[in-house]
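As a plain string of letters, each chain reads:
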Amino acid sequence: MKYVDEYRDHELAKTIAGAIATEADPEKSYHFMEFCGGHTHAIFRYGVQDLIPQNVHFVHGPGCPVCVLPISRLDDAVELAERHGVILCTYGDMMRVPGTKQRSLIRAKADGADVRMVYSTLDALKIARENPERQVVFFAIGFETTTPPTAVAIKTAQAEGFKNFSVFCNHVLTPAAISHILESPEVRELGIVKIDGFLGPSHVSSVIGSQPYEFFAEEFQKPVVIAGFEPLDVMQSVLMLIRQVNEDRHEVENEYTRVVTEEGNLKAQALVSEVFELRKTFDWRGLGTVPYSALRIRDAYADFDAEKRFELSVKASREVKSCECPSILRGVKKPTDCKLFGTVCTPQNPIGTCMVSSEGACAAYWTYGRFREPKPLDAAE
Ligand code: SF4
């Protein structure tokens, strides 16, 4: 398949692996954060880690949209479905994410709430058209990649005069999250998380372009290489990062030139800024409160804002204490550091978001069978 097979070619992989082995200085250790969960899965699915020297480390970042959604927002979605009786439309990954007391949307559905899995915002609009007597809420999550379709849905609903459609908006922004990580004490002062450079996200960058990364490459002196999702993309990007570190450069480079441009998708950006504006703060799972890191619906489209249409109660949302997702999302721990990994917590019985989501780090470690030996259960658990 074009644009797939040639990026999985094992002869080319050997050549790049050879170049990495030659150019990685054995006296140095390299720590590269892959922001995006798609890269984490590519690394584990194709065994990229086994093809690079042991002094080149991957640090898993928070770029899994399901994983970073705070539990309180999920509890709100459950409340919309259960207490307000709406038809709640959501992408599949969100269905099984455990909220407070392990209450998930799929459990709410089993108990009679009308929760429906959709593949696109158009599906949600179709459901609203077919059910004019019911309120339909689209549970919008995701980074810059999924924001334009939500904007299209809101504009379509306004153009068609929908009275029964609204969006529960939880869209978040990549550059703000990366800056927050780089400013965290764990990176800046304590040195607990070492980051020598970033594998920049693929799909997000197709929308926002490579330009927004210039700030922290310069400000924090960290190289960024925007990488595609295929294994050779990841390997080539690692090689480019190693070269930057060796040459003491901190630039934004674009490996994914077949998709990403410097300015990104201007039409999508214009659409998003017409419908959304910045929230002053937003709570992220793992990262805490991050200023100007998420979007809300502009007043011009307030009729389609579920947070304005429905009164949501203030809840005492609670994380599972022994779940290490927050530390994993900050790059402080790895999934295998969690006592529940592979014992209590598996994809069949996920305790935290990182095991539920198809982009989560715990799911990547487990799914590709690399750490399946169950660990003995700690007596305290
Ligand atoms: S293995 Fe499960 S409980 Fe542990 S951090 Fe991952 S999702 Fe949370």
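Given the structure is predicted, the values throughout are model-derived calculations rather than measurements. (Residues numbered from 1 in each chain as written. Predicted model: local features only at pLDDT ≥ 70, side-chain atom pairs only at ≥ 80, totals over all residues. Heavy atoms only, no water.)

1. Here's the deal with the sheet that holds strand S3 (residues 87–90)
Hydrogen bonds between backbone atoms are what pair the strands of a sheet, whose relative direction is either parallel or antiparallel. Defined as follows: Should DSSP find at least two bridges between two strands, the strands are regarded as paired. Numbering goes from the N terminus for both helices and strands, where a helix is a DSSP run of H or I of at least four residues and a strand is a run of E of at least two. Axis definition: a line fitted to C-alpha atoms, over the contacting stretch in the case of helices. Angles run 0 to 180 degrees between N-to-C directions. Contact between two residues is taken to exist if any of their heavy atoms lie within 4.5 Å; hydrogens are not considered.
Pairing is parallel across the open sheet formed by four strands, whose spatial order is S4-S3-S5-S6. Looking at the sheet topology across the chains shown, the edges are occupied by strand S4 (115–117) and strand S6 (165–171). The average angle at which neighbouring strand axes cross in this sheet is 25°, direction not considered. Where S3 and S4 come together, three bridges link them in parallel fashion. Considered in S4, the bridge of Thr-90 is made with Met-117. Its contacts with the sheet put helix H4 (residues 71–82) on S3, S4, strand S5 (136–142) and S6, and the angle it makes with S6 is roughly 165°.

2. Details of the site of the ligand
Short version of the rule: The near set for a molecule or strand comprises every residue that places at least one heavy atom within 4 Å of it. In this classification, the charged set is Asp, Glu, Lys and Arg, the nonpolar set is Ala, Val, Leu, Ile, Met, Phe, Trp, Tyr, Cys and Pro, and all remaining amino acids, among them Gly, are polar.
Around the ligand, the surrounding shell consists of Cys-323, Glu-324, Cys-325, Ile-328, Cys-338, Leu-340, Phe-341, Cys-345, Ile-351, Gly-352, Met-355 and Cys-362. Residues that form the shell around the ligand fall into these classes: ten nonpolar, one polar and one charged.

3. Notes on the nonpolar core
Selection criterion: Side-chain atoms within 4.5 Å link the members of a nonpolar core, which is a set of buried Ala, Val, Leu, Ile, Met, Phe, Trp, Tyr and Cys residues. Exposure categories follow from relative accessible area, calculated using a 1.4 Å probe and restricted to protein chains: below 20% of the type maximum is buried, above 50% is exposed, and the middle band is partly exposed.
If you look at the biggest cluster of nonpolar residues, it comprises 126 residues, and the most contacted ones within it are Leu-88, Phe-139 and Phe-165. Ranked by the residues each element gives to this core, the list is headed by helix H13 (residues 231–246), at nine residues. Once you skip the residues sitting within four places of it in the chain, Phe-139 turns out to touch Leu-69, Arg-73, Leu-74, Ala-77, Leu-88, Cys-89, Thr-90, Met-94, Leu-105, Phe-168 and Asn-170.

4. What to know about helix H2 (residues 37–45)
Of all nine residues that make up H2, eight are buried, and the element is covered over most of its length. Turning to H2, its buried residues number three or more, namely Gly-37, Gly-38, His-39, Thr-40, His-41, Ala-42, Ile-43 and Phe-44. Looking at the buried side of H2, the elements it contacts are strand S1 (30–36), strand S2 (56–63), strand S7 (197–200), H13 and helix H18 (361–367). At the C-terminal side of H2, Gly-47 shows a positive phi close to 65°.

5. Some points on the state of the cysteines
Under the convention used in this document: When the sulfur atoms of two cysteines come within 2.5 Å, that pair is taken as a disulfide.
One pass over the structure, following the stated rule, counts one disulfide. A sulfur-sulfur separation of 2.3 Å characterises the disulfide bridge that pairs Cys-64 with Cys-67. Measuring the twist about the S-S bond at about 70°, one finds the Cys-64-Cys-67 disulfide to be right-handed. As far as burial versus exposure is concerned, Cys-64 and Cys-67 are alike and both buried. Not engaged in a disulfide, the cysteine Cys-36 finds its nearest cysteine sulfur in Cys-64; these two sulfurs lie 8.8 Å apart. Since its relative accessible area comes to 9%, Cys-36 is described here as buried.

6. Overview of H13
What counts, and what does not: By definition here, a helix of n residues has an expected span of 1.5 Å times n minus one.
For H13, which comprises 16 residues, the first-to-last C-alpha distance of 23 Å matches the rise-based estimate of 22 Å (1.5 Å per residue) to within 8%. In terms of burial, H13 is a largely internal element, 13 of the 16 residues being buried. Of the residues one or two after H13, Asp-248 is the one with positive phi, at around 55°.

7. Observations concerning the sheet that holds S2
Spatial strand order, S2-S1-S7-S8-S9: five strands in an open sheet with parallel pairing. The open sheet has two edge strands, S2 and strand S9 (252–254), and neither has a second partner. For this sheet the average axis-to-axis angle between neighbouring strands, irrespective of direction, equals 25°. Pairing analysis gives three bridges linking S7 to strand S8 (residues 224–226), with the strands arranged parallel. Within the sheet, the bridge partner assigned to Leu-199 lies in S8 and is Val-225. Its contacts with the sheet put H2 on S1, S2 and S7, and the angle it makes with S1 is roughly 120°.

8. Things to note about the confidence of the model for the chain
As a reminder, the rule being used: Every residue gets a pLDDT, meaning the predictor's confidence in that residue, from 0 to 100.
Per-residue pLDDT for the chain has a mean of 92; in total, 97% of the residues score no lower than 70. Here residues 372–381 is a poorly scored stretch, pLDDT under 50, and it has 15 contacts once near neighbours within four places are set aside; other chains count.

9. A short note on the pattern of salt bridges
Defined as follows: The rule for a salt bridge is simple: a side-chain nitrogen of Lys or Arg has to be within 4 Å of a carboxyl oxygen of Asp or Glu.
For the structure shown, the criterion picks out 23 salt bridges. Among the salt bridges present, the one from Glu-186 reaches Arg-330, with a minimum N-O distance of 3.1 Å. On the criterion of sequence distance, the pair formed by Glu-186 in helix H10 (residues 185–188) and Arg-330 in the loop between helix H16 (325–329) and helix H17 (353–356) is long-range, its members being 144 residues apart. On the basis of relative accessible area, Glu-186 is assigned to the buried category, the value being 16%. For Asp-305, the salt bridge is made with Lys-308, and the minimal N-O distance between the two is 3.9 Å.

10. Examining the environment of Thr-257
Inspection of the secondary structure puts Thr-257 in the loop between S9 and helix H14 (266–275). By relative accessible area, Thr-257 is classed as exposed at 57%. When the C-alpha atoms of Thr-257 and Gly-228 are compared, they prove to be 8.7 Å apart, with 29 residues separating the residues in sequence.

11. Let's talk about the packing of aromatic side chains
Filter applied, for reference: Ring geometry is summarised as follows: Phe, Tyr and Trp rings, the Trp one being its six-membered ring, pair when their centres sit within 6.5 Å, and such pairs are stacked at plane angles under 30 degrees, edge-to-face over 60 and tilted between the two. For a Lys NZ or an Arg CZ to count as sitting over a ring, it must be within 6 Å of the ring centre and within 35 degrees of the ring normal.
Enumeration according to the criterion identifies twelve aromatic pairs in this entry. Here the aromatic rings of Phe-341 and Tyr-365 are separated by 6.5 Å at their centres, their planes lie at 85°, and the arrangement is edge-to-face. A residue pair is termed long-range when its members are at least 10 positions apart, and Phe-341 in the loop between H16 and H17 and Tyr-365 in helix H18 qualify at 24 residues. Overall, the relative accessible area of 4% leaves Phe-341 in the buried class. Taken together, the ring pairs connect Phe-44, Phe-341, Tyr-365 and Trp-366 into an aromatic cluster. Here the basic side chain of Arg-258 rests over the ring of Tyr-7, its NZ or CZ set 3.6 Å away from the ring centre.

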